[in-house]
Amino acid sequence: MKESTRMLVPEEERCIGCRACTSACPEKLITFSKEGNMRRISFPANCSPDCELCVLACPEKAISFIFPVELEKSRVPLKSQTLDFELVPCQKCGTAFATRKELEKIRTAISEKISLPPTGGLWVELCPGCRQAVFREKQAETIIQARKF
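Just so we're clear, the structure is a prediction, and the values are computed from it rather than from any experiment.

Trainee: Help me get a handle on the overall build of the chain, residues and values and all.
Mentor: Across its full length, the chain carries five helices and six strands. Secondary structure elements of the chain, listed N to C terminal, follow the sequence β-α-β-β-α-β-α-β-β-α-α. By residue count, 33% of the 149 residues in the chain fall in the buried class. Taking all contacts inside the chain whose residues are at least 6 apart in sequence as the whole, residues at least 24 apart take part in 65%. As displayed, the chain has an accessible area near 10000 Å², and 54% of this comes from carbon and sulfur atoms.

Spelled out as structure tokens, the structure:
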């Protein structure tokens, strides 16, 4: 094993499936796919020895590296890994769009700033397409109301 080889290790318990790592990987070695209501994130066994952009991009600090000395001690095989996440359906159209952990993180972050209803009726529970449609509808209502004499 080369001295620069290190194993990329995602922590399944901490990962929220947000895909920040896939966006940050300059070599596109971390990938994701969606099939039905499931999202799969695939991590390579190893990558560029001087890149840690995925680690920096991960909001949950769910990615780390194991180096050669640690690999020998732990006898962990150098292999790629995949994490699977069930996607939550949009409250309006039913399209599967985000992981439950992603939505919980967003809801928690927002509730630290403002009071939220326990469930339902929040824009975060809508897919991006429905969010845009609701926003356009509200803008149209505002314009119509403003033009009434």
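Trainee: Account for the nonpolar core, naming residues and giving values.
Mentor: Membership of the largest hydrophobic core comes to 15 residues, with the highest contact counts inside it found for Leu8, Cys21, Ile30, Ile41, Phe43, Cys54 and Ile63. Looking at this core, the elements that each hand over two or more residues are strand 3 (38-43), strand 4 (63-66) and strand 5 (81-89). Residue contacts for Ile30: discarding those within four places in its chain leaves Leu8, Cys21, Thr22, Cys25, Ile41, Ser42, Phe43, Pro44 and Cys54. Formed by twelve residues, the second largest nonpolar core is a distinct cluster that contains Ala98, Leu103, Leu122 and Cys127.

Trainee: Before we move on, could you go through unusual backbone geometry and cite the residues and values that matter?
Mentor: Peptide bonds are mostly trans, and most non-glycine residues show a negative phi. We note that Lys28 has phi near 55°; this positive angle belongs to a residue other than glycine. Considering the arrangement of structural elements, one finds Lys28 in the loop between helix 1 (20-24) and strand 2 (31-35). You will see that Lys61, though not glycine, has its phi angle at about 55°, which is positive.

Trainee: For the pattern of salt bridges, give the residues involved together with the corresponding values.
Mentor: Pairs can form between side chains of opposite charge whenever their charged atoms are close. Under the defined criterion, the tally for this structure stands at five salt bridges. A salt bridge links Glu60 to Lys105; the shortest N-O distance between them is 2.8 Å. Of the two residues, Glu60 is situated in the loop between helix 2 (53-57) and strand 4 and Lys105 in helix 4 (residues 100-111); the sequence distance between them amounts to 45 residues. Overall, the relative accessible area of 36% leaves Lys105 in the partly exposed class. A salt bridge links Lys92 to Glu137, with the nearest nitrogen and oxygen atoms 3.7 Å apart. Here the residue Lys92 occupies a position in the loop between strand 5 and strand 6 (96-99), and Glu137 occupies one in helix 5 (residues 128-147), the gap between them amounting to 45 residues. Owing to a relative accessible area of 41%, Glu137 belongs among the partly exposed residues under this scheme.

Trainee: Could you give an account of the sheet that holds strand 3, naming the residues involved and the relevant values?
Mentor: Spatially, 2-3-5-6 is the arrangement adopted by the four strands of the open sheet, whose pairing is antiparallel. With one partner strand each, in any of the chains shown, strand 2 and strand 6 form the two edges of the open sheet. Taking each pair of neighbouring strands and ignoring which way they run, the sheet shows an average axis angle of 35°. When strand 2 meets strand 3, the two strands line up antiparallel, connected through five bridges. Considered in strand 3, the bridge of Ser33 is made with Arg40. Across the sheet, helix 4 lies against strand 3, strand 5 and strand 6, angled at about 65° from strand 6, the strand it touches most.

Trainee: Account for the packing of aromatic side chains, naming residues and giving values.
Mentor: Within the structure shown, the criterion is met by zero aromatic pairs. Sitting over the face of the ring of Phe32, Arg19 holds its NZ or CZ atom 4.9 Å from the ring centroid.

What counts and what doesn't
Residues numbered from 1 in each chain as written. Predicted model: local features only at pLDDT ≥ 70, side-chain atom pairs only at ≥ 80, totals over all residues. Heavy atoms only, no water. Helix = DSSP H or I, 4+ residues; strand = E, 2+ residues; numbered from the N terminus. Buried < 20%, exposed > 50% of the residue type's maximum accessible area, 1.4 Å probe, protein only. Contact = heavy atoms within 4.5 Å. Areas by Shrake-Rupley, 256 points an atom, 1.4 Å probe, with all protein chains shown as cover. Core = buried A, V, L, I, M, F, W, Y, C linked by side-chain atoms within 4.5 Å. Salt bridge = Lys/Arg side-chain N within 4 Å of Asp/Glu carboxyl O. Pairing = 2+ DSSP bridges. Axes fitted to C-alpha atoms, helices over the stretch in contact; angles between N-to-C directions. Phe/Tyr/Trp six-rings, centres within 6.5 Å; stacked < 30°, edge-to-face > 60°. Lys NZ or Arg CZ within 6 Å of the ring centre and 35° of its normal.

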